[in-house]
Amino acid sequence: MSDLTADEVQRIIKDEWLTATANWYGPTGRNSLSAWIDRDGDEWVVWEADERAGQYNFRRYRSEAEALGTFLGLARGYKRGDSNAVRRI
């Protein structure tokens, strides 16, 4: 999936109901047990949040497509781990 685009990932998040486990450039999903992505200058940063919303496993990418692939894989993994995941409001 090294050729992913932001538009494709947004569609996948919606189609696969990943809105709870995918925090898209800010706190758009739940704070805990979720994947995060953000931009930092010329790089993209992907990380995870544990059950207490502690941030860990930070990864930096120069390629947006690679960052999106990692982010999507993490969000899917959290969704598989909690098939009833819902976004907190």
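Since we're looking at a predicted model, the values are computed, not measured.

### Describing the pattern of salt bridges
Link 1 in the chain: One pass over the structure, following the stated rule, counts 5 salt bridges.
Link 2 in the chain: In this structure, the salt-bridge partner of R11 is D15, at a minimum N-O distance of 3.1 Å. Here D15 and R11 lie together in helix 1 (residues 6-15), a separation of 4 residues that amounts to about one turn.
Link 3 in the chain: The shortest N-O distance in the salt bridge between E48 and R59 comes to 3.6 Å. Separated by 11 residues along the polypeptide, E48 in strand 3 (residues 43-49) and R59 in strand 4 (residues 55-61) bring together distant segments of the chain.
Link 4 in the chain: Sharing partners across several salt bridges, the network here consists of D40, E43 and R60.

### Let's talk about the packing of aromatic side chains
Link 1 in the chain: For the structure on display, the rule yields 4 aromatic pairs.
Link 2 in the chain: Consider the rings of W36 and W47, whose centres lie 5.8 Å apart with planes at 10 degrees: the pair is stacked. Of this pair, W36 sits in strand 2 (residues 34-40) while W47 sits in strand 3; the two residues are 11 residues apart in sequence, bridging distant segments of the chain.
Link 3 in the chain: Owing to a relative accessible area of 8%, W47 belongs among the buried residues under this scheme.
Link 4 in the chain: A centroid spacing of 5.4 Å and a plane angle of 20 degrees characterise the contact between W47 and F58, whose relative ring orientation is stacked. Remark: F58 occurs in strand 4 and W47 occurs in strand 3; sequence separation between them is 11 residues.
Link 5 in the chain: Members of the aromatic cluster, each reached through a chain of ring pairs, are W24, Y25 and F71.

### A few points about the pairing of strand 4
Link 1 in the chain: In terms of strand pairing, strand 3 meets strand 4 through 5 bridges, oriented antiparallel. Its bridge partner lying in strand 4, W44 is registered against Y61.
Link 2 in the chain: Where strand 3 folds back on strand 4, the antiparallel hairpin that results is connected by 5 residues, among which A53 adopts a positive phi of roughly 70 degrees.

Scoring rules and cut-offs
Within each chain, residues carry numbers counting from 1 in the order of the written sequence. The predicted origin of the model limits local features to residues at a pLDDT of at least 70 and limits the giving and counting of side-chain atom pairs to 80 or more, whereas totals for whole chains, interfaces and linings rest on all residues. By convention in this description, side-chain values take in all heavy atoms of the structure and omit both hydrogens and water. The working definition used for a salt bridge is a side-chain nitrogen of Lys or Arg within 4 Å of a carboxyl oxygen of Asp or Glu. Secondary structure elements are taken from DSSP: a helix is a run of H or I of four residues or more, a strand is a run of E of two residues or more, and numbering for both begins at the N terminus. Aromatic contacts are taken between Phe, Tyr and Trp rings whose centres are within 6.5 Å, Trp giving its six-membered ring; a plane angle under 30 degrees counts as stacked, one over 60 as edge-to-face, and the others as tilted. Classification of residues uses two cut-offs on accessible area relative to the type maximum, computed with a 1.4 Å probe and protein chains only: under 20% is buried, over 50% is exposed, and between them is partly exposed. A strand pair is defined by DSSP finding two or more bridges across the two strands.

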